[in-house]
Amino acid sequence: MPIEPGKTPFQVDLRLHLRERDEDRDLTRVICELATASRYIIHSIRTGELGVAGTSNLYGESQLKLDVLADRIIRKRMLHTGVIAAIASEEREEIQVVDPDGKFSVAFDPLDGSSLVDVNLAVGTIVGIYKGNDVFKPGREMVAALYILYGPRCTLVYSTGHGTHEFAMNALMEYTLVQENIQMAEKANIYAPGGIRNQYSPAVEAFVSHLEERGSKLRYSGGFVPDINQILIKGQGVFLYPHLRNMPRGKLRMLYELNPMAFLVEQAGGAASNGHQPILDIELEGIDHCEPVFIGSKADVAKVEGLIKTLDS
Ligand code: F6P
Ligand code: MN
């Protein structure tokens, strides 16, 4: 419908969207506080120091000042909600128990892809939200998941199990609705292949050759959030960070990265697998549990599962 001159179109902001869907008020609060945290994080990314903090995380990756800052910002906002039981963060070795009787727990990667900050490529925050005080559950038990993408625009994609929805930050730093109920097509015409190709297994090599022969185009940035965002928003595509000969469990972490993204992609009609079973059904072995991942358009995830069964076993 054309907009009358001088009139701004009515915009649905994040809180209103959650309220209209009758989401739990405390869950709404958690999600809105995460949105608030992202305002401070994007400001820090745009203006803050790029230096290293002089520390490293559980995975031996050196922490940037921004990683540590993003972790602190989110933690503070989560405590502010008054409903949090436990906080797990990729930047900390231990889970912080806030209140064992709290209503929700969160697990997050505060600044995913932070090695891309110095080259000014997009990075993101990934969050999974669980009921109660335990995050050691299969991802299917999450009550909500979201990511925030700090690109030329700042966008937020969330799901509470009723579809996957995209919001963009406006000039007032509020998130307004861009797209409701994102839907992914069965087949991919873009693919994002992580890892080193000469370390691929026969099945993964065959899968990538199949995609290339079909004319799928390579679209890989090296940041998990922008790479997943690209396939979600384009409505098709497949991302893989497979089992490598020198890294048989892959690289990406179940708790902080894979479970939330698998939840969002499944809610958009896509699929996420470790090559054998859905990511969301895998029992967590520990906070640092990694799995290979094939995520995106459903038919292509099924295709690679089939190839793994015949060529890699
Ligand atoms: O945190 C993990 C991450 O930075 C992801 O954002 C990205 O998909 C992946 O690692 C890239 O890893 P590498 O460049 O080491 O293959
Ligand atoms: Mn990460």
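Criteria and thresholds
- Residues numbered from 1 in each chain as written.
- Chains lettered and ligands numbered in written order.
- Predicted model: local features only at pLDDT ≥ 70, side-chain atom pairs only at ≥ 80, totals over all residues.
- Heavy atoms only, no water.
- Helix = DSSP H or I, 4+ residues; strand = E, 2+ residues; numbered from the N terminus.
- Expected span 1.5 Å × (residues − 1).
- Buried < 20%, exposed > 50% of the residue type's maximum accessible area, 1.4 Å probe, protein only.
- Arc of directions from axis to C-beta.
- Contact = heavy atoms within 4.5 Å.
- Core = buried A, V, L, I, M, F, W, Y, C linked by side-chain atoms within 4.5 Å.
- Domains from an automatic or database assignment.
- Buried area = accessible area lost by both parts, 1.4 Å probe.
- Salt bridge = Lys/Arg side-chain N within 4 Å of Asp/Glu carboxyl O.
- Axes fitted to C-alpha atoms, helices over the stretch in contact; angles between N-to-C directions.
- Parallel < 35°, antiparallel > 145°, perpendicular 65-115°, else oblique.
- Nonpolar A, V, L, I, M, F, W, Y, C, P; charged D, E, K, R; others polar.
- Donors = N, O, S within 2.8 Å, 3.2 Å for Na, K, Ca; no water.
- Phe/Tyr/Trp six-rings, centres within 6.5 Å; stacked < 30°, edge-to-face > 60°.

An ideal rise of 1.5 Å per residue puts 20 Å on 14 residues; helix α7 (residues 298–311) measures up with 20 Å between its terminal C-alpha atoms. All of the buried residues in α7 are D300, V301, V304, L307 and I308. Down the axis of α7, the sector holding all buried residues measures 120°, keeping them to one side. Away from the buried face of α7 by more than 90 degrees, exposed residues K309 and T310 are located. In this structure, the buried side of α7 is in contact with α4 (202–213), β13 (238–241), β14 (271–273) and β15 (293–296).

Quick look at the nonpolar core now. Y147, I228, L232, F239, L255 and M261 are the most contacted members of the largest nonpolar core, which totals 58 residues. By residue number, the principal contributor to this core is helix α6 (residues 254–267), which donates 9 residues. Counting contributing residues per domain, this core is built from domain 1 (9–179) and domain 2 (190–311), each supplying no fewer than three. In terms of nonpolar packing, the next biggest core, distinct from the first, is built from 40 residues, L27, V123, V127 and I148 among them.

Turning our attention to the side chain of D71. Relative to the assigned elements, D71 resides in helix α3 (residues 65–81). Those residues in contact with D71, other than ones at most four positions away along the chain, are S89, E91, R92, F108 and P110.

In terms of domains, the protein chain is made up of domain 1 (9–179) and domain 2 (190–311). Placing the centre of domain 1 and that of domain 2 at their C-alpha centroids yields a distance of 22 Å. Contact residues are listed per partner, giving 46 residues for domain 1 and 32 residues for domain 2. Summing both sides of the interface, domain 1 and domain 2 together bury roughly 2900 Å²; the carbon and sulfur share of this comes to 63%. Here domain 1 and domain 2 share 3 salt bridges between them.

This brings us to the packing of helix α5 (residues 224–234) against α6. For the pair α5 and α6, the least separation of the axes is 11 Å and the interaxial angle reads 10°. Overall, the two elements α5 and α6 adopt an arrangement that is roughly parallel. Along the contact surface, α5 presents F224, V225, I228 and L232, while α6 presents E257, L258, M261, L264 and V265. Residue composition of the contact of α5 with α6, grouped by class: 8 nonpolar, no polar and 1 charged.

Another aspect to go through is the coordination of the manganese ion (ligand 2). The protein atoms donating to the manganese ion (ligand 2) are D109 (OD), D112 (OD) and E257 (OE), with metal-donor distances spanning 2.1 to 2.2 Å. Between the donor residues of the manganese ion (ligand 2), the gaps in sequence give the motif D-x2-D-x144-E. On the criterion of sequence distance, the pair formed by D109 in strand β5 (residues 104–112) and E257 in helix α6 is long-range, its members being 148 residues apart. For the pair shown, D109 and E257 are each scored as buried.

What follows concerns the packing of aromatic side chains. Two aromatic rings, taken as a pair, are described by how far apart their centres are and by the angle between their planes. On inspection of all chains with the given rule, the structure shows 3 aromatic pairs. When the ring of Y158 is compared with that of F167, the centres are 5.9 Å apart and the planes differ by 35°; the resulting orientation is tilted. A relative accessible area of 0% places Y158 in the buried class. On the basis of relative accessible area, F167 is assigned to the buried category, the value being 0%. Taken together, Y220, F224 and F239 form an aromatic cluster joined through their ring pairs.

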